[in-house]
Amino acid sequence: MSAEMVAAVTGYLEDAYLIYTVEIFSLNTSVRKTNPKKVYCADHALALAMSGSMTDDYGKVLENIIFMQLRRETDKIYYGKTPSGYEIDFVTLERGQQISGDRLPRLVQVCADMDEPETRERELRALQEGMSLYGVKNAEIVAENTEETVQGAEGKIHIIPAWKFLLQEEE
């Protein structure tokens, strides 16, 4: 399938609200347009059924669910990349807010299981670097069942169980 055809099909699926694409967070428009987009599905069960995967990836499903919750709150959803190459799952702005150097984004990381030391370290490091990069003092990790607050040099990282995150009222 050619790149033009993939772009056309992606556009059709977006127009039908079956998928959503997310650009990288950057002040530079050309960086946003040239970096790959992440794709989220409006129905995560349909995405699992069509993926052909023999095993369910709970982390990806949880990330998709959190994306859909954030989509209810704002249309300004991006992903981030730190200078060290760590990915921040969601960098969001308030509805209608434009990307600018004087507005602080919300940073949200999604991790199904925070019990593995390597996973915990990776998720915390990504957010700590992102907080430093964007000047943010509070960030969130949505996990399956973990709840705690981690204080770092950059600020606080609130680890929130998914059910609690999904039940939060909009501020």
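Anything mentioned here points back to the structure above.
Residues numbered from 1 in each chain as written. Predicted model: local features only at pLDDT ≥ 70, side-chain atom pairs only at ≥ 80, totals over all residues. Heavy atoms only, no water.

1. Let's talk about the overall build of the protein chain
Right, on to step 1. A count of helical and extended segments in the protein chain gives 6 helices and 8 strands.
Right, on to step 2. Put simply, the protein chain runs from its N terminus to its C terminus through helices and strands in the order α-β-α-β-α-α-β-β-β-α-β-β-β-α.
Right, on to step 3. Scaling as 2.2 N^0.38, a compact globule of 171 residues should have a C-alpha radius of gyration of about 16 Å, and the protein chain matches this with 16 Å.
Right, on to step 4. Dimensions along the principal axes, computed over C-alpha positions, put the protein chain at roughly 45 × 40 × 30 Å.
Right, on to step 5. Counting over 171 residues, the protein chain shows a buried share of 40%.
Right, on to step 6. If you take every contact in the protein chain between residues at least 6 apart in sequence, the share linking residues at least 24 apart comes to 45%.
Right, on to step 7. Positive and negative side-chain charges of the protein chain, numbering 18 and 29 respectively, have mean locations separated by a distance of 6 Å. (Helix = DSSP H or I, 4+ residues; strand = E, 2+ residues; numbered from the N terminus. Rg over C-alpha atoms; globule rule 2.2 N^0.38 Å. Buried < 20%, exposed > 50% of the residue type's maximum accessible area, 1.4 Å probe, protein only. Contact = heavy atoms within 4.5 Å. Lys, Arg positive; Asp, Glu negative; His and termini not counted. Charge placed at Lys NZ, Arg CZ, Asp CG, Glu CD.)

2. Looking at helix α5 (residues 117-134)
Right, on to step 1. For α5, with 18 residues, the first-to-last C-alpha span of 26 Å sits near the 26 Å given by 1.5 Å per residue.
Right, on to step 2. Those residues of α5 that fall on the buried side of the exposure criterion are T119, E123, L124, A126, L127, G130, M131 and Y134. Take α5 and look down its axis: the buried residues cluster within an arc of 155°, on one side only. Structural note: α5 exposes P117, E118 and S132 on the side pointing more than 90 degrees away from its buried face.
Right, on to step 3. Of the surrounding secondary structure, the elements contacted by the buried residues of α5 are β3 (77-81), β4 (87-92), β5 (106-111), β6 (138-143), β7 (148-151) and β8 (156-161).
Right, on to step 4. Two residues or fewer after α5 comes G135, characterised by a positive phi angle close to 75°. (Expected span 1.5 Å × (residues − 1). Arc of directions from axis to C-beta.)

3. Looking at the pairing of β8
Right, on to step 1. Taken together, the 6 bridges between β6 and β8 define a ladder with parallel strand orientation. Opposite A143, over in β8, you have P161 as the bridge partner.
Right, on to step 2. Sheet topology note: the β7/β8 ladder contains 4 bridges and is antiparallel. By the bridge assignment, E148 is partnered in β8 with I159.
Right, on to step 3. Between β7 and β8, which pair antiparallel in sequence order, lie 4 residues; one of them, G155, sits at a positive phi of approximately 150°. (Pairing = 2+ DSSP bridges.)

4. Some words on the packing of aromatic side chains
The relative placement of two aromatic rings is captured by the distance of their centres and the angle of their planes.
Right, on to step 1. With the rule as written, the count across this model stands at 6 aromatic pairs.
Right, on to step 2. Ring centres of Y20 and F67 lie 5.6 Å apart, and the angle between their planes is 50°; this geometry places the pair in the tilted category. Placement of the pair is Y20 in strand β1 (residues 19-22) and F67 in helix α4 (residues 58-73), with a sequence separation of 47 residues.
Right, on to step 3. An aromatic cluster is defined as three or more aromatic residues linked by ring pairs; in this entry it consists of Y20, Y40, F67 and F90. (Phe/Tyr/Trp six-rings, centres within 6.5 Å; stacked < 30°, edge-to-face > 60°.)

5. Describing a negative patch on the surface
Right, on to step 1. There is a patch of like negative charges on the surface, built from D113, D115, E116, E118 and E144.
Right, on to step 2. Examined against the element boundaries, E118 turns out to sit in helix α5.
Right, on to step 3. Owing to a relative accessible area of 55%, E118 belongs among the exposed residues under this scheme. (Patch = residues over 30% accessible without salt bridge, like charges linked within 9 Å, V, L, I, M, F, W, Y side chains within 5 Å. Areas by Shrake-Rupley, 256 points an atom, 1.4 Å probe, with all protein chains shown as cover. Salt bridge = Lys/Arg side-chain N within 4 Å of Asp/Glu carboxyl O.)

6. Comments concerning the pairing of β4
Right, on to step 1. Within β4, 5 of the 6 residues are buried, which leaves it mostly tucked inside the rest of the structure.
Right, on to step 2. What sits between β3 and β4 in their antiparallel hairpin is a turn of 5 residues, with G85 showing a positive phi close to 95°.
Right, on to step 3. Pairing between β4 and β5: 3 bridges, direction antiparallel. Bridge pairing links F90 to V108 in β5.

7. Remarks on α4
Right, on to step 1. For α4, spanning 16 residues, the distance from its first C-alpha to its last is 23 Å, which sits close to the expected 22 Å at 1.5 Å a residue.
Right, on to step 2. Every buried residue of α4 is accounted for by V61, L62, E63, N64, I66, F67, M68, Q69, L70 and E73.

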